[in-house]
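Chains, contacts and geometry: an overview
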Amino acid sequence: MDTPPPRGGPLRAAGLRLSSAVRASSYHGGSRWLLRLLGNRLVERWRLRAPPEGTHRLDVGSGTNPRPGYVHVDSDPSAPHLEFLASGHRLPLPDWWADEVNATHMLEHVPPPQIGAFLGEWFRVLRPGGLLELHVPNAARLGEVLARDEPGNAVWAAQNAIFGYWAHPVDAVGPEALDQPPDHKIAFTFRMLEHVLGRSGFTDVRDVTGENPCRHLLDWAPHIPGMCLEVRANRRLED
């Protein structure tokens, strides 16, 4: 087995001793870069919410709902609580840096030919045995709603979730409510995720829906229970 790359030396910035996760910024320009991006007050706020010493947890595509206790990555500079401005398939982190990678309702926005590149990058930054957690719309559950072909708001809410029209499920009451450009590129079932994850080197793929619910599952539960599919897998151990 190869020796894992070093995780970085200690840094000091604005009189603060930063946690190990913040010290990883040394791989992307050092502490001065981090301070320029976030400002001293945001660095202090982030430090208090950082993962425990010795753990590195990455939230890819953190968007408008960044997970507390994670290092947040997004390609949108307006995303709140942002540590790294980067695409999910070009992470400014070394090999084996992360203990955990989370992508909550992000992978459905990736064009299908690029899915392998994204999963391969997450595989690269995870340590052997590290955890990947994905949340996506549950195409099998949404397909059941459409297949029933019953009148009511559920069919429009399902269309909203499949295609990504950005409407809240309460507001998806008819076609006129789906008035934003759709931005979902693909709809996943569990078997589809199991297949693409296996091709990228992940093992022990399992459906853990409801164990670590995100706001999507909670917001949609009164309208389409089970709309959110939550899957965990591990990077395979090196030979």
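Presented here is a report on the structure given in the accompanying data block. Fair warning: this is a prediction, and the values are worked out from it, not measured in the lab.

Cut-offs used in this document
Residues numbered from 1 in each chain as written. Predicted model: local features only at pLDDT ≥ 70, side-chain atom pairs only at ≥ 80, totals over all residues. Heavy atoms only, no water. Helix = DSSP H or I, 4+ residues; strand = E, 2+ residues; numbered from the N terminus. Buried < 20%, exposed > 50% of the residue type's maximum accessible area, 1.4 Å probe, protein only. Contact = heavy atoms within 4.5 Å. Areas by Shrake-Rupley, 256 points an atom, 1.4 Å probe, with all protein chains shown as cover. Pairing = 2+ DSSP bridges. Polar contact = N/O pair within 3.5 Å; in protein donor to acceptor, adjacent residues only side chain to side chain. Axes fitted to C-alpha atoms, helices over the stretch in contact; angles between N-to-C directions. Left-handed = near helix turned anticlockwise from the far one by under 90°. Nonpolar A, V, L, I, M, F, W, Y, C, P; charged D, E, K, R; others polar. Core = buried A, V, L, I, M, F, W, Y, C linked by side-chain atoms within 4.5 Å.

On to the overall build of the protein. When helices and strands are tallied, the protein shows eight helices and nine strands. Out of the 239 residues belonging to the protein, those deemed buried represent 49%. Of the contacts made within the protein by residues no fewer than 6 positions apart, 65% connect residues no fewer than 24 positions apart. Counting only carbon and sulfur atoms, one obtains 54% of the accessible surface of the protein, whose full area is about 11700 Å².

Moving residue by residue along a regular strand, the side chains alternate between the two faces of the sheet. Residues of strand E4 (residues 71–74) alternate between two faces, with Val-71 and Val-73 on one and His-72 and Asp-74 on the opposite face, all of them buried. With three bridges joining them, strand E3 (residues 57–60) and E4 adopt parallel strand pairing. In the sheet register, Val-60 faces E4, and the bridge partner there is Val-73.

A separate point is the side chain of Asn-234. Tracing the backbone shows Asn-234 in strand E9 (residues 228–235). Within the structure, the side chain of Asn-234 is placed 2.8 Å from the side chain of Arg-206, a separation counted as a polar contact. Beyond its immediate sequence surroundings of up to four residues, Asn-234 is in contact with Gly-129, Gly-130, Leu-131, Gly-201, Phe-202, Thr-203, Asp-204 and Arg-206.

Among the structural elements, Ser-87 can be located in the loop between strand E5 (84–85) and strand E6 (98–104). Placed 13 residues apart in sequence, Ser-87 and Asp-74 show a C-alpha to C-alpha distance of 6.3 Å. For Ser-87, the side chain forms a polar contact with the side chain of His-89, separated by 2.5 Å.

Moving on, we get to the packing of helix H5 (residues 139–148) against helix H6 (residues 154–163). Relative to each other, H5 and H6 sit at 145 degrees, their axes nearing to 9 Å. H6 is crossed by H5, and the crossing has left-handed handedness. Judged by residue contacts, Leu-142, Val-145 and Leu-146 of H5 engage Ala-154, Val-155, Ala-158, Gln-159, Ala-161 and Ile-162 from H6. Here the residues of the contact of H5 with H6 sort into eight nonpolar, one polar and no charged.

Counting residues in hydrophobic clusters, the biggest one holds 36 residues, and the most contacted among them are Leu-58, Val-101, Leu-107, Trp-122, Leu-132, Leu-193 and Leu-197. At the level of elements, E3, E4, E6, helix H4 (115–125), strand E7 (126–137), helix H7 (190–199), strand E8 (202–207) and E9 are the ones that each hand at least two residues to this core. The element that contributes the greatest number of residues to this core is H4, accounting for six residues. Those residues within four positions of Leu-132 in sequence are excluded, and the remaining contacts are Val-101, Leu-119, Trp-122, Leu-126, Leu-197, Phe-202, Val-231, Arg-232 and Ala-233. Grouped together as the second largest cluster of nonpolar side chains are 13 residues, Val-145, Ala-172, Trp-220 and Ile-224 included.

The quantities given are spatial measurements derived from coordinates; they are silent on function.
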